[in-house]
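Coordinate inspection notes
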Amino acid sequence: MRYWLMKSEPGCFSIADLEQAPEGVAAWDGVRNFQARNLLRDEIKAGDGVLFYHSSCAEPAIVGLAEVVRAGYPDHTAQDPGSAHFDPRATPARPIWYMVDVKFRGRLPRPLTRADLRAHPELCGMLVLQRGSRLSVQPVSSKQWQAVLAWAGMADPRPGVHR
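Let us look at the structure shown here. Each residue is numbered by its place in its chain's sequence as written, counting from 1. The predicted nature of this model means local features are confined to residues of pLDDT at least 70 and side-chain atom pairs, given and counted, to a pLDDT of 80 or more, with totals for whole chains, interfaces and linings taken over all residues. Excluded from the side-chain calculations are hydrogens and water; all other atoms, namely the structure's heavy atoms, are used.

1. Description of the pairing of strand β1 (residues 3-8)
- Counting buried residues in β1 gives six out of six residues, a clear majority hidden from the surface.
- Burial classes: relative accessible area under 20% of the type maximum marks a residue as buried, over 50% as exposed, and values in between as partly exposed (1.4 Å probe, protein chains only). Secondary structure elements follow DSSP: runs of H or I no shorter than four residues count as helices, runs of E no shorter than two count as strands, and numbering proceeds from the N terminus. Of the two faces of β1, both are covered, the one formed by Y3, L5 and K7 as well as the one formed by W4, M6 and S8.
- Two strands are said to pair when DSSP picks up at least two bridges between them. As defined by bridge partners, β1 adjoins strand β3 (residues 49-54) across six bridges and the pair is classed as parallel. Counterpart to W4 in the pairing with β3 is V50.
- Across four bridges, β1 lies against strand β6 (residues 137-140) in antiparallel orientation. Each bridged residue has a counterpart across the sheet, and for L5 the counterpart in β6 is Q138.

Following this line, the structure appears as structure tokens:
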């Protein structure tokens, strides 16, 4: 089991959008960075934990928790000419881009801001804080996952996980 931080601009797809999706499940699509694509395709598995991060907003922050419920599969939006994520190079035989499905598992009691992350001894080393780190999907250590849960006063919300 692994942990990830996934960034989304709240004006495009927010924690509220995930919460309101049918059964709280939505595809994490539209990723167009090869390093992030490789994580989605090869590394991220069902059952992994997700820190949902609002980016490119007034106060970027971790705002909620999710769980991967479907491992990487071809991102169909890349093959849809009507999609904002269309990539004419992508075909069914050579999909290029991948996505995963995530399920809403909870909101943090308040956003965990970049200032909060920098001030926390376990969280100050997170990739999201590194200069030039723009990757929309990033690994998170088990210690960092547990530190976020402790900061939020929450138990791990994924079914069958007892910590």
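Resuming the write-up.
2. Regarding the pairing of strand β4 (residues 61-74)
- Pairing of β3 with β4, which is carried by six bridges, proceeds in the antiparallel orientation. Looking across to β4, one finds that L51 is bridged to L65.
- Linking two consecutive strands that pair antiparallel, namely β3 and β4, is a turn of six residues; a positive phi of about 50° is found at S56 within it.
- With 10 bridges connecting them, β4 and strand β5 (residues 98-113) associate as antiparallel partners. Across the sheet, the residue bridging to G64 is R107, located in β5.

3. Some words on the nonpolar core
- Ranked by internal contacts, the top residues of the largest apolar core, which has 24 residues, are M6, W28, L40, I44, V100, V102 and V137.
- Of all the secondary structure elements, the ones that give two or more residues to this core are β1, α1 (15-20), β2 (25-28), α2 (34-43), β3, β4 and β5.
- Not counting chain neighbours up to four residues away, the residues in contact with V100 comprise M6, A26, A27, W28, L40, I44, V68, R70, A71, G72 and Y73. Within this scheme, the nonpolar core is defined by two criteria: the residues are buried Ala, Val, Leu, Ile, Met, Phe, Trp, Tyr or Cys, and they are joined through side-chain atoms within 4.5 Å. The contact criterion used is simple: two residues touch if any of their non-hydrogen atoms lie within 4.5 Å.

4. Brief notes about helix α4 (residues 142-152)
- The complete set of buried residues in α4 reads Q144, W145, A147, V148, L149 and A152.
- Of the residues flanking the end of α4, it is G153, one or two places downstream, whose phi is positive at about 70°.

5. So, the pattern of salt bridges
- The salt bridge criterion pairs a side-chain nitrogen of Lys or Arg with a carboxyl oxygen of Asp or Glu, the two atoms within 4 Å. One pass over the full model with this rule turns up eight salt bridges.
- For R2, the salt bridge goes to E43, with nearest N and O atoms at 2.7 Å. Of this pair, R2 sits in the segment before β1 while E43 is found in helix α2, placing the two residues 41 residues apart along the sequence.
- Residue D75 pairs with R32 through a salt bridge whose shortest N-O separation is 3.0 Å. With D75 in the loop between β4 and β5 and R32 in the loop between β2 and α2, this residue pair connects regions lying 43 residues apart in the sequence.
- Overall, the relative accessible area of 30% leaves R32 in the partly exposed class.

6. What about the sheet that holds β4?
- Ordered in space as β2-β5-β4-β3-β1-β6, the six strands form an open sheet in which the pairing is mixed. Two strands in the sheet have a free side with no partner beyond their single neighbour: β2 and β6. For this sheet the average axis-to-axis angle between neighbouring strands, irrespective of direction, equals 40°.
- Sheet analysis places β2 next to β5, joined by four bridges and oriented antiparallel. Paired with V25 across the two strands is K103, which belongs to β5. Under this scheme, a helix contributes an axis fitted over its contacting stretch, all axes are lines through C-alpha atoms, and angles between N-to-C directions fall in the 0 to 180 degree range.

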